[in-house]
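What follows is the residue order along each chain.
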Amino acid sequence: MKKTDKRYQAYLNVLKGELVPAFGCTEPIAVAYAAACVRCLLGGMPERLLVEASGNIIKNVKSVIVPNTGGMKGIEAAAAAGVLSGKEERKLEVLEELTEADQEALRDYLAHTPITVRQAPGDLTFDLIVTGYRNGHEGRIRIAGSHTNVVKKELDGNVLLQKEVGSCFASESGQERTEGPSLTIEGIVDFAQSVEPEDVRETLERQIAYNTAISAEGLRGDYGANVGRVLLATYGDDVKIRARAAAAAGSDARMNGCELPVVINSGSGNQGLTASLPVIEYAKETGADREKLYRALVISNLTAVHLKEGIGRLSAYCGAVTAGAGAGAGIAWLLGGGLDEINHTIVNTLANVSGIICDGAKASCAAKIATSVEAGILGYYMYKNGQEFYGGDGIVKKGVERTIENVARLGRDGMRETDREILDIMIGEAGQA
């Protein structure tokens, strides 16, 4: 692919737009970001808040620790922390600068400020409306489609900003992605093999540094179920195990209170960890230079984005699966595979683990990540050993893009009722706890 090809800049923009830093699980951080925007809109801290969130957001905020809150969980804590921060310009890093003194102020604010949470109307999978009240004024922010995509700002009934929901797709950098060349696996591999290293260096070096750091902390500390540490202690340190453990350990730490940032993929820190850390481990094992690692990471990251686009930001379909397929594709390329090996690695992976559900952000995400990375690695080695799943085997169709379309249909349409049942189960359990 030549640099003058219109796909080149389009693919580069997708990569840069999706691989951005986030401090904490992205759903509670989206709540915090919206609340910070409301504070700025009102010119001070709201005296009362109403948070309306789609079911998938409620599901993903329920069980995960909100960073820099002293271990608090839940939408109320996330919204209050965003108000305390007030730094709307930090977007998905809005809570990074909160101090211990802020945590004490947070407890006081929660004790004296009514915060009502209810499910948002409509059927958007990512829909968040935060309304604040202060000194007789009312400010409202709506975020839809992705974690930083503000589609409406309203003060005292006056609309200050409005975008048609669904009229554009905004990346997590906040830049709108307008119509342009579509991602395909063939295009992704072509782009990865021809991209100028300097064009991706800053983006990928940040991903390598951030995600490696939180993975190391996950292996060092005591976080959640310590899935990464269990893998290494049980199965040894073969690269196939290290690849799984590195990604799982990053999630161990991130889901359970570690206050380090990550670089996300498709709006998810766990997907960012899954798409990057296994590839980094294989690059170490094979002695790949930096340029080769960059190209492998381009393949893994853009493959994960491509697979997730048709499903949507949030779904009952676990995003670790699409990111695990991306990691498998990147590893296949690192080990000398071309487009054929990558295509079959992806299909074999999707045929294997597409049944994993998303039941919110929590400690068990690390185990699902480990399973998905294993499936990605197995998908490659199956094909290297002359084995593959064929069109007509379940959801598999002949051709990687047709299989990806089937997975998108499954995750977007087929699992809607599953999503509702998962949310009902989780809310019911919360009510009985």
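The structure this text deals with has already been given above.
Overview of the structure.

Rules used in this analysis
- Residues numbered from 1 in each chain as written.
- Predicted model: local features only at pLDDT ≥ 70, side-chain atom pairs only at ≥ 80, totals over all residues.
- Heavy atoms only, no water.
- Helix = DSSP H or I, 4+ residues; strand = E, 2+ residues; numbered from the N terminus.
- Contact = heavy atoms within 4.5 Å.
- Salt bridge = Lys/Arg side-chain N within 4 Å of Asp/Glu carboxyl O.
- Buried < 20%, exposed > 50% of the residue type's maximum accessible area, 1.4 Å probe, protein only.
- Core = buried A, V, L, I, M, F, W, Y, C linked by side-chain atoms within 4.5 Å.
- Expected span 1.5 Å × (residues − 1).
- Arc of directions from axis to C-beta.

## What to know about the side chain of Thr345
Along the polypeptide, Thr345 turns up in helix α13 (residues 339–353). Residues contacting Thr345, with those up to four places away along its chain left out, are Gly328, Ala329, Ala332, Gly376, Gly379 and Tyr380.

## Brief notes about the pattern of salt bridges
In this structure the tally under the stated criterion is 29 salt bridges. Between Arg107 and Glu104 there is a salt bridge whose closest N-O contact spans 2.8 Å. Of this pair, Arg107 and Glu104 both sit in helix α5 (residues 100–112), three residues apart, roughly one helical turn. The class for Arg107 is partly exposed, based on a relative accessible area of 39%. A salt bridge links Lys240 to Asp238; the nearest nitrogen and oxygen atoms lie 3.1 Å apart. Accessibility expressed as a relative area gives 35% for Lys240, which makes it partly exposed. Under the relative-accessibility criterion, Asp238 is labelled partly exposed at 36%. Connected through shared salt-bridge partners, Lys87, Arg90, Glu93, Glu96 and Glu97 make up one network.

## Points about the nonpolar core
Soluble globular proteins tend to pack their nonpolar side chains together in the buried interior. Among the nonpolar cores identified, the biggest contains 121 residues, and Leu95, Leu128, Ile185, Phe191, Ile342 and Leu350 are the most heavily contacted of them. For this core, the element with the highest residue contribution is helix α2 (residues 26–42), accounting for 12 residues. Ignoring any residue separated from it by four or fewer positions in sequence, one finds Phe191 in contact with Met1, Tyr8, Tyr11, Leu12, Val298 and Leu302.

## Here we look at unusual backbone geometry
Within the chain, Asp156 stands out as a residue other than glycine whose phi angle is a positive 50 degrees. The topology assignment puts Asp156 in the loop between β6 (150–155) and β7 (158–162). You can call Asp156 partly exposed: its relative accessible area is 37%. Its identity is not glycine, yet Ser266 carries a phi of approximately 55 degrees, on the positive side. Looking at where Ser266 falls in the secondary structure, it is placed in the loop between β10 (262–263) and α10 (269–286). Note on Ser266: relative accessible area 2%, which makes it buried.

## Describing helix α15 (residues 400–414)
Count 3.6 residues to each turn of an α-helix, and residues three or four apart come out pointing the same way. Here α15 is 15 residues long and its end C-alpha atoms lie 20 Å apart, about the 21 Å a rise of 1.5 Å per residue gives. Regarding α15, the residues found buried are Val400, Thr403, Ile404, Val407, Ala408 and Gly411. All buried residues of α15 project into a common sector of 145 degrees when viewed along the axis, lining one side. For α15, the exposed residues lying more than 90 degrees away from the buried face are Glu405, Arg409 and Gly414.

Nothing here speaks to function; it is all geometry.
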